[in-house]
Amino acid sequence: MNKKILIPLILVILALLAGSAWLFMSLQEQKQVNQDMQELAELDKQEMENEYERFALQYSEMKTQINNDSIIQQLTEEQMKTQQLLEELKRVKASDAREIARLKKELATVRAVLRDYVMQIDSLNRLNESLKQENTTVKAELEQRNQQVAGLSSEKASLSQKVAIAAQLDATNISLQLLNKRGKEAKKLKDCTQMRTSFVITKNVTASNGNRTVYVRIQNPGGNVLGGGGTFPYENRQLEASAKKTIEYTGEETPVTVYWNVSQMLEAGDYRVSVFADGNMIGSRTFSFK
């Protein structure tokens, strides 16, 4: 065969072989990424199931620590709600991103409500040390669930380096203080001219950075909102805010403080503070004032 024909033919064959090899490697790499994403989604769902079960067990444990029928009834209702959400999660496929996101948001609400009850019960238990006796069986089951969550979290952390799953913000350490006209803490409601709400938005390396508008909603003992902060969207409706603030979120812990100027008579009782951002309720807590 003529060399002028043979050499180009060989080059074409080599190029085709190289292209085939590159295509094969690309398909293998994409297949691995898809497997990693599926495995991470399954681990994320399993971790959520274990957290729901752990929260349900914590409600059982708390009911053994108090002797208050009203609070026990409230705990029972919250426990049933948690178990119902757990059953919904078990029926959902890990690939159903919309339902997983909804149940993850519900999980954050369950966590916030549980945190409030833990604080209330802890306050009651200080008055009676005998109420601190623990239910050994429930505690053992809770410890087992904690170990399972810890193991899943370790596996998930490794896979999260390849595929990041965004998570909503979370507000902790919520506080509500009464201030007098000198900006000092007021001891009585009648001396209050301003309410100061403080909290910390926790670290979240998967959340996108940038400006966030945070809304604070304060409800008085009658359930009415202390208005003045405009409105914001939440679950396909507009809610009234007490105050709002725009912050720059960098993924690190971010402390936030907002103020509400008293414009009406304040009554004694429970005031509920709820914090919203990105269309989600990211934290809530109740405070009692005499």
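Residues numbered from 1 in each chain as written. Predicted model: local features only at pLDDT ≥ 70, side-chain atom pairs only at ≥ 80, totals over all residues. Heavy atoms only, no water.

Peer 1: Teacher, can you tell me more about the environment of glutamate 252 here?
Peer 2: Positionally, glutamate 252 belongs in the loop between strand E6 (243-249) and strand E7 (254-261). Residue classification places glutamate 252 among the partly exposed positions, given a relative accessible area of 41%. Remark: the alpha-carbon pair of glutamate 252 and asparagine 204, spanning 48 residues in sequence, is separated by 6.4 Å. (Helix = DSSP H or I, 4+ residues; strand = E, 2+ residues; numbered from the N terminus. Buried < 20%, exposed > 50% of the residue type's maximum accessible area, 1.4 Å probe, protein only.)

Peer 1: Sorry, what's going on with the packing of aromatic side chains here?
Peer 2: When we look at a pair of aromatic rings, we describe it by the centre distance and by the angle of the planes. Under the defined criterion, the tally for this structure stands at 5 aromatic pairs. Between the aromatic rings of phenylalanine 232 and phenylalanine 276, the centroid separation amounts to 4.8 Å while the plane-to-plane angle is 45 degrees, which identifies the pairing as tilted. Here phenylalanine 276 lies in strand E8 (residues 269-277) and phenylalanine 232 lies in strand E4 (residues 231-234), a separation of 44 residues in the sequence. Aromatic side chains tyrosine 234 and phenylalanine 276 sit 5.0 Å apart centroid to centroid with 75 degrees between the ring planes, which places their arrangement in the edge-to-face category. Here phenylalanine 276 lies in strand E8 and tyrosine 234 lies in strand E4, a separation of 42 residues in the sequence. Of the two residues, tyrosine 234 and phenylalanine 276, both sit in the buried class. Taken together, the ring pairs connect Tyr215, Phe232, Tyr234 and Phe276 into an aromatic cluster. (Phe/Tyr/Trp six-rings, centres within 6.5 Å; stacked < 30°, edge-to-face > 60°.)

Peer 1: Please explain the nonpolar core as it appears in this structure.
Peer 2: Among soluble globular proteins, nonpolar side chains are generally buried collectively. In this structure, Leu176, Met195, Phe199, Ile201, Ile218 and Tyr271 are the most contacted members of the largest nonpolar core, which totals 30 residues. Residue assignment for this core shows that the elements contributing at least two residues are strand E1 (171-179), strand E2 (194-201), strand E3 (210-219), E6, E7, E8 and strand E9 (280-289). Non-local contacts of leucine 176, meaning those with residues more than four positions away in its chain, are made with Met195, Arg196, Thr197, Ile218, Tyr271, Val273, Phe287 and Phe289. The next biggest cluster of nonpolar side chains, apart from the first, holds 20 residues, and it includes Met62, Leu85, Leu86 and Ile121. (Core = buried A, V, L, I, M, F, W, Y, C linked by side-chain atoms within 4.5 Å. Contact = heavy atoms within 4.5 Å.)

Peer 1: What exactly am I supposed to notice about a nonpolar patch on the surface here?
Peer 2: Side chains of Ile10, Ile13, Leu14 and Leu17 sit close together on the surface and give an oily, nonpolar patch of about 380 Å² of accessible area. Among the structural elements, isoleucine 13 can be located in helix H1 (residues 3-63). (Patch = residues over 30% accessible without salt bridge, like charges linked within 9 Å, V, L, I, M, F, W, Y side chains within 5 Å. Areas by Shrake-Rupley, 256 points an atom, 1.4 Å probe, with all protein chains shown as cover. Salt bridge = Lys/Arg side-chain N within 4 Å of Asp/Glu carboxyl O.)

Peer 1: So what exactly am I meant to see when it comes to the sheet that holds E3 here?
Peer 2: Within a sheet, each strand pairs with its neighbour through backbone hydrogen bonds, oriented either parallel or antiparallel. If you walk across this open sheet you meet the 4 strands as E6-E3-E8-E9, and the pairing is antiparallel. What marks the edges here is a single partner per strand, and that holds for E6 and E9. Sheet twist, expressed as the mean angle between neighbouring strand axes with direction ignored, is 20 degrees. Sheet topology places E3 next to E8; 6 bridges connect them, and they run antiparallel. By the bridge assignment, isoleucine 218 is partnered in E8 with valine 273. (Pairing = 2+ DSSP bridges. Axes fitted to C-alpha atoms, helices over the stretch in contact; angles between N-to-C directions.)

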